[in-house]
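As a plain string of letters, each chain reads:
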Amino acid sequence: MTEPLLIGAMVRTLGAYPSGWRHPGAHRDPARDAEVLRRIAAAGEAAGLDYLFFGDWLATGPDLEFRDPYLLARIDPVSAVLYLAGITSRIGLIATVNTTYADPYTTARSLASLDVLTGGRAGVNLVTGAEPRAAGNHGRDAHADNDTRYDRAEEFVTALRRLWDSWDEDAWIADAARGVLIDADRLRAANLEGAHVRVTGPLNVARPPQGRIPIVHAGTSPRSRALAATEADLALIASPTLADAVATRRGLREIAAASGRSPESLRVIAPVLPVVADTRAEAHRIVARLLALVPLAEASQVARPGFPPNRTVAALADALGVPADDPLRDADFDAAVGTAEALRLGERGAALIERVAHIAGLGIGADAVLTWRHLVAAHAVPAAFVVGDAAAVADHFETWRDEGAADGFNVLSAFQPAQFEAFVQLAAPELRRRGLLRAPDDDATTLRDRLRVTSRVDA
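These numbers were taken from a predicted model, which means no experiment stands behind them.

## Quick word on the overall build of the protein chain
When you go through the protein chain residue by residue, the secondary structure sums to 16 helices and 13 strands. Relative to all contacts within the protein chain whose residues are 6 or more apart in sequence, the contacts with residues 24 or more apart total 75%. Looking at the protein chain as shown, the accessible area adds up to about 19,400 Å², and 53% of this sits on carbon and sulfur atoms. Positive and negative side-chain charges of the protein chain, numbering 49 and 59 respectively, have mean locations separated by a distance of 2 Å.

See the structure below:
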């Protein structure tokens, strides 16, 4: 029998699509994140999802309002998972830590504590960072270069594993009659003296129930993929097409095998942004509204700090190679796109129009009229939506699994909490019926059990 997929939720409380927070009823106040986090955790656990995943970004600025609003103000991921530890009992909790700036001892300690407190449900996503502004927030003049960041990340992984291995499983004796609490021979130091990381140990937290806490990593550079393939339990990919995902997964497993590791021990996880509703037409309407809510270069927006330059009809025309003297460049955002104008957009324009029709049900001369607003938004803020009813979403999951593109998915929600709750209420039962999602009462007790990965002991 085929194993279920690994399915988790990538939690972004302000939504994963930049205009999601504007959708009616959407959560839009970071000061009240606790409320929506509780709802997401309860819904995800009841549906049998494997984990909740919290990313991170170590800086903010007004430009993020338009590009990635969820990054503007967000709960520290380790704090988020510790908060949810006490109100969940089965679902895994994965927090992101930036190895460029974090302290390995503090990281090992907080995650081991989470693992102990949850009975083995902790996971960590290790990143090296990509935001230059983070350097100043950590007292540095510049963000480290790629090779330096990955050299440190590799040593960071070694430090974590040595610290988690401080205590043998049978080191804690607690023999009251003899007055012997521990076997000191089974407590060891880390003693790592690397070029970037130094730590002595031992760790002053009991051995994590999972032994070594599962490690997640994502990235596209050769160094990033090497780290994921050789050290991570989950490798997160962001491939735009099925064929690209198949090739990426195959390449990661080849690197794993070349390093002496079993390629089957590496689980490859792809992101998915489902917009799910009772009917495909209803899901189309949701996407059409999200596109219509993307802020474009109108009078109320253009003077705002950080407003993107690509949100005009003229910028779209430039991207599609339309001649500079074509009058369509001055089209009103809310004017319908006509047949003659569409033809002047060329092959790339035709592909964009086809994509908008596919995800939003909008067309030229159709009942649901395609406007320039929709086209500009779809081009300026692209997203790999999977749109439809429960069967359509399950078909996508099943196809990617059957084609060898992914071992599981990180589910993103365009806005919270309604779209995440629609996924767990509509799509999750269909995924379970097809054997793609484990039962909520599955007997896996730790995150490592849920991920079906063994603990590595070679660091």
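## Focus on the packing of aromatic side chains
Inspection of every chain in the model, using the stated rule, returns 6 aromatic pairs. Through successive ring pairs, a cluster of aromatic residues spans Phe 397, Trp 400, Phe 409 and Phe 423. Sitting above the plane of the Phe 307 ring, Arg 311 keeps its charged end 6.0 Å from the centroid.

## A look at the UniProt feature "domain: Luciferase-like" (unreviewed entry) in the protein chain
Taking the UniProt record as the reference, the feature "domain: Luciferase-like" (unreviewed entry) is found at residues 23–355. End-to-end, the C-alpha atoms of residues 23–355 are 21 Å apart, and along that stretch the chain is 39% helix and 14% strand.

## Some points on the nonpolar core
The tendency in soluble globular proteins is for nonpolar side chains to be buried as a group. Counting 79 residues, the largest nonpolar core has Ile 7, Leu 52, Trp 164, Phe 397 and Phe 423 as its most contacted members. Examining the composition of this core, we find that 8 residues originate from one element, helix α6 (residues 146–164), more than from any other. Dropping the residues within four chain positions of it, Phe 397 is found in contact with Leu 5, Ile 7, Val 272, Phe 409, Val 411, Phe 423, Leu 431 and Leu 436. Ala 277, Val 337, Val 356 and Ala 378 belong to the second-largest nonpolar core, a separate cluster that totals 57 residues.

## Some details on empty space enclosed by the protein
Using the criterion set out here, one finds 4 cavities of 30 Å³ or more in the structure. Considering only enclosed or pocket space, the largest cavity measures out at about 110 Å³ in volume. Along the walls of the largest cavity sit 13 residues, with Val 11, Thr 13, Phe 54, Arg 74 and Ile 75 positioned nearest its centre. Taken together, the residues that form the lining of the largest cavity break down as 8 nonpolar, 2 polar and 3 charged. The calculated volume of the second largest cavity comes to roughly 50 Å³. His 217, Ala 218, Gly 219, Ser 224, Arg 225, Ala 228, Ala 235, Leu 236, Ile 237, Thr 248 and Leu 252 together form the lining of the second largest cavity. When contributions to the lining of the second largest cavity are tallied by element, the ones reaching two or more residues are β9 (215–218), α7 (222–231), β10 (234–236) and α8 (242–258). Looking at the lining of the second largest cavity element by element, the count peaks at 3 residues for α7.

## Some remarks on the packing of helix α14 (residues 390–402) against helix α15 (residues 418–433)
Axis separation between α14 and α15 bottoms out at 8 Å; the angle between their running directions is 55 degrees. In terms of axis orientation, α14 runs oblique to α15. Handedness of the α14/α15 crossing: right-handed. Contacts from Ala 390, Ala 391, Val 393, Ala 394 and Phe 397 of α14 reach α15 at Phe 423, Leu 426, Ala 427, Glu 430 and Leu 431. Here the residues of the contact of α14 with α15 sort into 9 nonpolar, no polar and 1 charged.

## Structural notes on helix α12 (residues 346–360)
When the terminal C-alpha atoms of α12 are compared, their 21 Å separation across 15 residues agrees well with the 21 Å that a helix rising 1.5 Å per residue should span. Among the residues of α12, Gly 349, Leu 352, Ile 353, Val 356, Ile 359 and Ala 360 are the ones counted as buried. Along the axis of α12, the buried positions cluster into a sector of 140 degrees, meaning they face one direction only. Summarising the geometry of α12, the exposed residues directed more than 90 degrees from the buried face are Glu 347, Glu 354 and His 358. The inward-facing, buried residues of α12 abut α9 (280–292), α10 (313–320), α11 (339–343), α13 (372–380) and β12 (385–388).

## Description of the environment of Ile 215
Looking at the secondary structure, you find Ile 215 in strand β9. Take Ile 215: its relative accessible area is 2%, and that puts it in the buried class. Through-space distance from the C-alpha of Ile 215 to that of Asp 175 is 34 Å; in sequence the pair is 40 residues apart.

## Some remarks on the side chain of Arg 261
Along the polypeptide, Arg 261 turns up in the loop between α8 and β11 (267–276). Despite its burial, Arg 261 pairs with no opposite charge; the closest candidate is Asp 233, at 4.5 Å N-O. There is a polar contact of 2.5 Å between the side chain of Arg 261 and the backbone oxygen of Ala 232.

## Description of the pattern of salt bridges
According to the stated counting rule, one finds 36 salt bridges in the structure shown. Put simply, Asp 407 and Arg 249 hold a salt bridge, and the shortest N to O gap is 2.8 Å. A residue pair is termed long-range when its members are at least 10 positions apart, and Asp 407 in the loop between α14 and β13 (408–411) and Arg 249 in helix α8 qualify at 158 residues. What makes Asp 407 buried here is its relative accessible area of 10%. One salt bridge in this structure joins Glu 298 and Arg 373, with 2.7 Å as the shortest N-O distance. Pair noted here: Glu 298 is in the loop between α9 and α10 and Arg 373 is in helix α13, with a separation of 75 residues, a long-range link. Each of Asp 63, Arg 67, Asp 68, Glu 131 and Arg 133 takes part in one network of salt bridges that share partners.

## Points about the pairing of strand β3 (residues 92–98)
For β3, the tally of buried residues reaches 7 of 7 residues, placing the bulk of the element in the interior. Both faces of β3 are covered, namely the face carrying Gly 92, Ile 94, Thr 96 and Asn 98 and the face carrying Leu 93, Ala 95 and Val 97. Across 6 bridges, β3 lies against strand β4 (residues 122–127) in parallel orientation. Considered in β4, the bridge of Asn 98 is made with Val 127. In this view, the connection linking β3 to its parallel neighbour β4 by way of helix α4 (residues 104–118) has right-handed handedness.

## Considerations on unusual backbone geometry
Generally, phi is negative for residues other than glycine and the peptide bonds are trans, each holding for most cases. Of note, the amide linkage connecting Gly 201 to Pro 202 takes the cis form, showing an omega dihedral of -5 degrees. If you trace the backbone, Pro 202 turns up in the loop between β8 (198–199) and β9. Along the chain, Gln 416 connects to Pro 417 via a cis peptide bond; the corresponding omega equals -5 degrees. One can find Pro 417 in the loop between β13 and α15. Positive phi values are uncommon outside glycine, yet Ala 174 reaches one of about 50 degrees. The topology assignment puts Ala 174 in strand β5 (residues 172–175). Of note in this structure, Arg 452 is not a glycine but carries a positive phi near 55 degrees.

Rules of the game
Residues numbered from 1 in each chain as written. Predicted model: local features only at pLDDT ≥ 70, side-chain atom pairs only at ≥ 80, totals over all residues. Heavy atoms only, no water. Helix = DSSP H or I, 4+ residues; strand = E, 2+ residues; numbered from the N terminus. Contact = heavy atoms within 4.5 Å. Areas by Shrake-Rupley, 256 points an atom, 1.4 Å probe, with all protein chains shown as cover. Lys, Arg positive; Asp, Glu negative; His and termini not counted. Charge placed at Lys NZ, Arg CZ, Asp CG, Glu CD. Phe/Tyr/Trp six-rings, centres within 6.5 Å; stacked < 30°, edge-to-face > 60°. Lys NZ or Arg CZ within 6 Å of the ring centre and 35° of its normal. UniProt positions renumbered as here; feature names shortened; annotations may be inferred. Core = buried A, V, L, I, M, F, W, Y, C linked by side-chain atoms within 4.5 Å. Buried < 20%, exposed > 50% of the residue type's maximum accessible area, 1.4 Å probe, protein only. 1 Å grid on protein atoms, 1.4 Å probe; cavity = no way out; pocket = protein on both sides within 12 Å on 5 of 7 lines; lining within 4 Å. Points joined across faces, edges and corners; volume = space filled by probe spheres on them. Nonpolar A, V, L, I, M, F, W, Y, C, P; charged D, E, K, R; others polar. Axes fitted to C-alpha atoms, helices over the stretch in contact; angles between N-to-C directions. Parallel < 35°, antiparallel > 145°, perpendicular 65-115°, else oblique. Left-handed = near helix turned anticlockwise from the far one by under 90°. Expected span 1.5 Å × (residues − 1). Arc of directions from axis to C-beta. Salt bridge = Lys/Arg side-chain N within 4 Å of Asp/Glu carboxyl O. Polar contact = N/O pair within 3.5 Å; in protein donor to acceptor, adjacent residues only side chain to side chain. Pairing = 2+ DSSP bridges. Right-handed = clockwise from strand over helix to strand, strands pointing away.

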